[in-house]
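# Structural features, examined
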Amino acid sequence: MAKKIPMRMCVGCRQMKEKKEMIRVLRTQDGEFCIDTTGKKNGRGAYICKNPQCLQAAVKNHGLERSFKTSIPKETAVLLEKEMEQIAE
């Protein structure tokens, strides 16, 4: 029997993709946002494709805010973009 592949929806482009192909954005218990490269950290997570346009779309269409049920400050969005650029390289 084939092994089941976990699928997640990108909050930017709203496409279903394999979990391994995506980046997890995490909100910790302290209310801080970061990119979880391991996918194992504790906290509420939302998934985004590895291209920066999806992160920009997620911020623009409030996809991240919907996932976390809270507003996200502009400074946090900028920090997430910088983190994502470092990972993409």
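Cut-offs applied
- In this convention, every chain numbers its residues from 1, walking through the sequence in written order.
- With the structure being a predicted model, the display of local features is reserved for residues of pLDDT at least 70 and the display and counting of side-chain atom pairs for 80 or more, all residues being used for whole-chain, interface and lining totals.
- Side-chain numbers come from the whole structure's heavy atoms, not from hydrogens or water.
- By definition, two strands form a pair when at least two bridges between them are found by DSSP.
- The helix and strand labels rest on DSSP assignments: H or I over at least four residues marks a helix, E over at least two residues marks a strand, and numbering proceeds from the N terminus.
- Only the stretch in contact is used when fitting a helix axis, every axis being a line fitted to C-alpha atoms; angles between N-to-C directions are given from 0 to 180 degrees.
- Relative accessibility decides the category of a residue: with a 1.4 Å probe and only protein chains considered, values under 20% of the type maximum give buried, values over 50% give exposed, and everything between is partly exposed.
- Arc, as used here, means the arc of the directions from the helix axis to the C-beta atoms.
- Contacts are assigned to residue pairs with any non-hydrogen atoms lying within 4.5 Å of each other.
- For every residue, the predictor assigns a confidence score, pLDDT, that lies between 0 and 100.

### What to know about the sheet that holds strand 3 (residues 22-27)
What the 3 strands build is an open sheet, ordered 4-3-5; its pairing is antiparallel. In the strand order of this sheet, the two ends are held by strand 4 (33-36) and strand 5 (44-49), each with one partner. Averaged over all adjacent pairs, the angle separating strand axes in this sheet is 30 degrees, with direction ignored. For strand 3 and strand 5, the ladder comprises 6 bridges, and the chain directions are antiparallel. Across the sheet, residue I23 finds its bridge partner in strand 5, namely I48.

### Side note on helix 1 (residues 52-60)
Among all positions in helix 1, only C54, L55 and A58 are buried. Summarising the axial view, the buried residues of helix 1 lie within an arc of 100 degrees, below the 170-degree limit, and thus occupy one face. Exposed and oriented more than 90 degrees from the buried face of helix 1 are Q53 and K60. At the C-terminal side of helix 1, H62 shows a positive phi close to 60 degrees.

### Some details on the environment of F68
With respect to the helices and strands, the residue F68 is situated in helix 2 (residues 63-68). Note: C-alpha distance between F68 and L26 (42 residues apart in sequence) is 8.9 Å. Once residues lying within four places of it in the same chain are set aside, the contact partners of F68 are V25, L26, R27, F33, R44, G45 and A46.

### Thoughts on the confidence of the model for the protein
For the protein, mean pLDDT is 88; residues scoring 70 or higher make up 98% of the total. Element-level mean pLDDT values for the protein span from 83 in helix 3 (residues 74-88) up to 95 in strand 2 (residues 16-18).

### Focus: the side chain of S67
Counting through the fold element by element, S67 comes out in helix 2. Residue classification places S67 among the buried residues on the basis of a relative accessible area of 16%.

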